[in-house]
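# Topology and contacts: notes
Each chain, letter by letter, is given below.
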Amino acid sequence: MGVAITYGFGIPFEERYSLLQTLDENSAPRMLRLLAWPILCGMLFVLTSCSNFDKEFTVYSANTTIEVYTDGSAFVSEHFDILVKKAENYGGVYVDIPQRFTDASGGVHWRDFELAAARRDGIDEYYFIENNVPGYSVYIGTEHCKGCSADLLTGVTKIQIAYWLGRLVRQEGDSEVLFLPAYMGRVHGQGAKKTLALKLPPGGTVRPSQQDRAAAYDIARSATNEILVSIPVGKADRKLPDIEIEYPAGTFIIVTNGDRVRWWLSDHLLPSISILGPLIASLFVLIRLGQSWRLPAPSIAVDSKKTESISPALAAYVFWNWKPDAAKAAFMASVCHLATKRLLRISGLGENAEASDLSARQVRKKGKVARARWYGLPAVTRSVFGRIEGERPVNDRRTVVYGLYGFEPDLHQIVAEEYRKVRGGADRAALKTSATILVLGIATAYLSGLLIFSAAICGTLLISLIAVMALRHPERFSGPTDFRHVIGTYFGLPALLILSLGYIGMTEVISEQRPYLVAILLHVVGIIGVLAMLRIPTSKQRQMRNNILSLHRYFHGEIDGPPMSIECYEHHLPFAVALGVEQCWTQRFNLWQESEKMDAYAPDWRISS
């Protein structure tokens with residue numbers, strides 16, 4: 001482990017490039033189609049030509065002072081002499097603070113960290129802290145913003161960072177071990193001299209390392225309670241052993257139970273939330289699938305009151321499984337519903353049926369009771385009446401089926417809205433679960449230092465999905481071709497895709513981050529899985545479908561139901577039309593008439609001639 005000054009990738013494109021100047025509105029689509037790929041290739045070239053740290057900076061020296069206290073904490077002050085070689089540079093450096101360590105039993109823990117100061121040439125400097133699995137990365141330098149000068153002046157500049165470290169002591173048998181990370185092990189600039197001065201409590205003995213310490217660094221006592229560590233010139237990516245100093249028991253303050261709980265929570269926070277999101281998603285999906293697989297008990301009798309809460313059009317769509325052919329059945333069922341409610345008269349129930357005497361026009365103009373009667377109808381039934389009303393009459397008659405032409409999309413949308421209301425409104429459980437998983441995924445990405453990397457991956461996947469959908473269903477993406485729409489379609493999305501791919505290609509994911517990257521992707525899969533459950537019917541919707549299937553069996557006389565009467569026949573006739581069994585239902589009614597020796601049935605909602 002060690003501290004590294006590293007170079008952060010990124011180019012403020014908006015400050016250095018002007019990609020589009022002026023485009024005539026009429027020629028914009030054609031010009032952008034021609035310019036899109038050359039522009040993107042140029043952006044890709046810029047992304048791949050970013051210079052690295054060694055071309056812009058050289059580290060002359062690196063010195064660290066660590067003062068350890070008897071409470072197991074330490075104050076660290078680090079100084080770097082850096083030569084800025086190029087006038088155009090990144091504008092700052094990253095100082096990596098190692099936080100993750102492994103105890104003697106193999107357990108992984110985190111050191112406490114609190115930043116105290118960040119300075120450049122003795123003056124407080126702009127900084128920000130990035131999380132990572134091994135620890136923190138602190139950027140020290142000029143702020144990158146629109147209109148800001150992001151370059152450091154050439155010449156030697158001094159970088160200083162000061163911070164507090166905690167949890168540096170562990171118990172081993174009858175002794176206490178102070179263990180410090182080997183700082184300066186990975187500083188860029190192999191010719192830089194690196195020294196580390198330790199100010200320690202008295203009574204400590206430096207432990208011999210299991211590794212070849214002679215090849216790593218030299219340790220010498222400069223005073224009774226001071227140790228000087230010299231790190232020789234070597235490879236920039238080497239890992240040095242921690243410095244361990246053994247003390248007798250009781251040297252440091254005894255750890256309280258509160259500290260143990262806080263440490264345990266900090267040690268297990270990141271692994272816990274990385275597992276918790278996929279676990280919540282899996283449980284939610286399994287519960288919903290279990291509910292969908294649970295079949296309702298078969299009905300032995302139909303309850304006509306359960307059909308009063310839905311429209312005949314919805315019954316048609318549910319029975320015909322939302323196929324396009326269900327539109328005609330839903331439309332004719334709504335027409336029959338209007339007729340049985342005495343809001344119009346029809347000549348029959350076939351495709352050639354005609355409508356007349358649209359009395360609903362007068363109903364809507366009458367008093368409160370009449371309007372309540374009208375607005376008590378389902379929305380889809382009222383919409384069907386509006387379509388028939390809009391047709392041009394011939395001898396005061398309107399051909400019913402003409403109202404269906406071009407009305408199928410609106411009819412489907414209105415019925416789908418009614419179906420969602422049967423569901424009980426928005427599926428708040430699914431939405432809350434998705435939001436929870438999203439928050440856990442963002443927290444995992446942030447704490448593991450993969451927030452931008454994960455956003456780039458999600459952006460790449462999303463843009464690719466949009467491209468596939470546009471190829472498969474181009475009609476859904478047809479819309480206005482104004483300038484902003486063209487810019488977003490032919491330049492914006494491809495540019496974001498190139499930027500995302502460039503960032504993914506240039507960013508190194510270290511071995512400690514890979515398990516958390518997998519966990520983040522599982523969070524994304526979990527959100528998709530939870531949202532996919534929105535397509536699975538709820539218990540209310542499954543019960544409604546079961547009632548419709550029972551009604552179909554009732555029309556065929558397979559199960560019991562309300563006794564036959566004129567009121568029963570008229571009440572169920574729109575649903576019989578919706579399920580395509582109006583002839584069977586009418587035959588049952590005619591047989592009942594014969595058995596009751598009733599006169600011929602001549603309803604007032606039918607056109608007699």
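Residues numbered from 1 in each chain as written. Predicted model: local features only at pLDDT ≥ 70, side-chain atom pairs only at ≥ 80, totals over all residues. Heavy atoms only, no water.

Here we take up unusual backbone geometry. At aspartate 121, a residue that is not glycine, the phi angle is positive and equals roughly 55 degrees. With respect to the secondary-structure elements, aspartate 121 resides in the loop between β7 (112-120) and β8 (123-124). Aspartate 121 gets classed as partly exposed once you look at its relative accessible area, which sits at 43%. The phi dihedral of tryptophan 322 is positive, around 60 degrees, even though this residue is not glycine. Tracing the chain through its elements places tryptophan 322 in the loop between α5 (312-319) and α6 (326-340). (Helix = DSSP H or I, 4+ residues; strand = E, 2+ residues; numbered from the N terminus. Buried < 20%, exposed > 50% of the residue type's maximum accessible area, 1.4 Å probe, protein only.)

Here we take up the side chain of serine 175. Residue placement: serine 175 occurs in strand β13 (residues 175-180). In this structure serine 175 comes out as buried when scored by relative accessible area, which is 11%. Of note is the side chain of serine 175, whose polar atom sits 3.4 Å from the side chain of glutamate 246. Apart from residues lying up to four places away in sequence, serine 175 is in contact with Arg170, Glu246, Tyr247 and Ala249. (Polar contact = N/O pair within 3.5 Å; in protein donor to acceptor, adjacent residues only side chain to side chain. Contact = heavy atoms within 4.5 Å.)

Strand order in the open sheet made by the 3 strands is β19-β20-β21, with antiparallel pairing throughout. Here the strands that pair on one side only, and so sit at the sheet edges, are β19 (345-346) and β21 (398-399). (Pairing = 2+ DSSP bridges.)

One pass over the full model with this rule turns up 25 aromatic pairs. Note on tyrosine 247 and phenylalanine 252: the rings are 5.2 Å apart at their centroids and 80 degrees apart in plane angle, and the pair reads as edge-to-face. In terms of burial, tyrosine 247 and phenylalanine 252 fall into one category: buried. Taken together through their ring pairs, the aromatic side chains of Tyr554, Phe555, Tyr569, Trp585, Phe589, Trp592 and Tyr601 make up a single cluster. Just above the ring of phenylalanine 179 sits the side chain of arginine 170; from NZ or CZ to the centre is 4.9 Å. For arginine 588, the ring lying beneath its charged end belongs to tyrosine 554, and the centroid distance is 5.2 Å. (Phe/Tyr/Trp six-rings, centres within 6.5 Å; stacked < 30°, edge-to-face > 60°. Lys NZ or Arg CZ within 6 Å of the ring centre and 35° of its normal.)

This next bit is on the side chain of threonine 381. Tracing the backbone through its elements, the reader meets threonine 381 in helix α9 (residues 379-389). Among all residues touching threonine 381, those that are not within four sequence positions of it are Ser334, His337 and Leu338.

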